[in-house]
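Listed here are the chains, written in short residue letters.
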Amino acid sequence: MSFPTDFPCRRSIRLKGYDYSLSGMYFITICTHERQCVFGEVVNGEMVLSEAGNMIKKWYEKIADKFPDVELGESIIMPNHVHFILIRTENVGANPRVRPVSTPNDSVYETTSNNTDKPDLTGGNLGEHAGSPLQKIIQWFKTMTTNEYIFGV
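None of the values given here were measured: they were computed from a predicted structure.

1. A closer look at the overall build of the protein
Here is step 1: In terms of regular secondary structure, the protein is built from two helices and nine strands.
Here is step 2: Sequence-ordered secondary structure for the protein, helices as α and strands as β, is β-β-β-α-β-β-β-β-β-β-α.
Here is step 3: Relative to its full complement of 153 residues, the protein shows a buried share of 25%.
Here is step 4: Look at the contacts in the protein between residues 6 or more apart in sequence, and 60% of them connect residues 24 or more apart.

2. Looking at the environment of isoleucine 137
Here is step 1: Along the polypeptide, isoleucine 137 turns up in helix H2 (residues 134-150).
Here is step 2: Accessibility expressed as a relative area gives 0% for isoleucine 137, which makes it buried.
Here is step 3: In the structure, isoleucine 137 is positioned 70 residues away from phenylalanine 67 in sequence and 7.6 Å away in space, judged by C-alpha atoms.

3. Some thoughts on the pairing of strand S5 (residues 81-88)
The side chains of a regular strand alternate, first on one face of the sheet and then on the other.
Here is step 1: Within S5, six of the eight residues are buried, leaving the element largely enclosed by the surrounding structure.
Here is step 2: Bridge count between strand S1 (residues 24-31) and S5: eight bridges; the pairing is antiparallel. When the bridges of S5 are listed, methionine 25 appears paired with isoleucine 87.
Here is step 3: Sheet topology places strand S4 (residues 70-77) next to S5; six bridges connect them, and they run antiparallel.

4. Focus on the nonpolar core
Here is step 1: Counting residues in each nonpolar core, the largest one holds 21 residues, and the members touching the most others are Ile28, Ile30, Ile56, Ile63, Phe84, Leu86 and Phe141.
Here is step 2: Breaking this core down by element, the ones donating at least two residues are S1, helix H1 (51-66), S4, S5 and H2.
Here is step 3: Residue contributions to this core peak at six residues, all from H1.
Here is step 4: With near-sequence residues (within four places) excluded, phenylalanine 84 lies in contact with Tyr26, Phe27, Ile28, Ile30, Tyr60, Ile63, Glu74, Ser75, Ile138 and Phe141.

5. Section: the pattern of salt bridges
Here is step 1: With the rule as written, the count across this model stands at one salt bridge.
Here is step 2: Note that glutamate 148 is salt-bridged to lysine 58, the shortest N-O span being 2.8 Å. Taken together, the residues span a long stretch of sequence, with glutamate 148 in helix H2 and lysine 58 in helix H1 at a distance of 90 residues.
Here is step 3: Taking relative accessible area as the criterion, glutamate 148 reaches 24% and is therefore assigned partly exposed.
Here is step 4: On the basis of relative accessible area, lysine 58 is assigned to the partly exposed category, the value being 31%.

6. Comments concerning the sheet that holds S5
Here is step 1: The strand order across the open sheet formed by three strands is S1-S5-S4, and the pairing between neighbours is antiparallel. Both edges of this open sheet fall to S1 and S4, since each of them pairs with a single strand only. Neighbour-to-neighbour, the strand axes of this sheet turn through a mean angle of 20°, independent of strand direction.
Here is step 2: Strands S4 and S5 of the sheet are contacted by H1, whose axis makes an angle of about 165° with S4.
Here is step 3: Strands in contact with H2 are S1, S4 and S5; relative to S5, the strand with the most contacts, it is inclined by about 140°.

7. Quick notes on the confidence of the model for the protein
Here is step 1: In the predicted model, the protein carries a mean pLDDT of 78, and 69% of its residues have values of at least 70.
Here is step 2: Between the elements of the protein, mean pLDDT differs from a low of 40, seen in strand S8 (residues 109-110), to a high of 97, seen in strand S3 (residues 46-49).
Here is step 3: Taken together, the stretch residues 95-127 has pLDDT below 50 and engages in 34 contacts with residues farther than four places along the chain or on a different chain.

What counts and how
- What you see as residue numbers is a count from 1 along each chain, following the sequence as written.
- It should be noted that, the model being predicted, local features are given only for residues of pLDDT at least 70 and side-chain atom pairs only at 80 or more, the latter also being counted only at that level, while totals for whole chains, interfaces and linings use all residues.
- Derived side-chain values reflect all non-hydrogen atoms in the structure, with water molecules and hydrogen atoms excluded from consideration.
- Numbered from the N terminus, helices here are DSSP runs of H or I no shorter than four residues, and strands are runs of E no shorter than two.
- Buried, partly exposed and exposed residues are distinguished by accessible area as a fraction of the type maximum, computed with a 1.4 Å probe on protein chains only: under 20%, between the cut-offs, and over 50%, respectively.
- Two residues qualify as a contact provided that any one of their heavy atoms is within 4.5 Å of a heavy atom in the partner residue.
- When DSSP finds two or more bridges between two strands, those strands count as paired.
- Joining through side-chain atoms within 4.5 Å is the link that ties buried Ala, Val, Leu, Ile, Met, Phe, Trp, Tyr and Cys residues into a set, and such a set is a nonpolar core.
- Salt bridge, as used here: a side-chain nitrogen of Lys or Arg that lies within 4 Å of a carboxyl oxygen of Asp or Glu.
- Only the stretch in contact is used when fitting a helix axis, every axis being a line fitted to C-alpha atoms; angles between N-to-C directions are given from 0 to 180 degrees.
- Values of pLDDT, the confidence the predictor places in each residue, fall between 0 and 100.

Listed below in structure tokens is the structure:
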């Protein structure tokens, strides 16, 4: 499979050596498709949200309901992008049953325990990670907002 060569050259803005599974504050920016100004407009120096902008605000405020280990920081919605701060109150880790154990052929993995009578202390399903990975939060937010926008704000 060949890839087009006209992709823009992107550099990572991630901090080298930083462990993004740690709890803490994360500054997020999400831009609209082709930077279209659909979230509202600036009038006399103030942002006036459109229906789409209000929808973005609604789903942002629901993040903490969906992910109990996340608190909401400051946010601002601009005509073609949104900035917000997510505060992860817990580290993202793995429960003891997630750690893979290699089999003799190293191509199949199984959980470390087949004992299903032990409670899952992470509060999640067996085999899932504890805490909310940042990419899962952003994926959920973008899915919810995109679906509502497609179905008619």
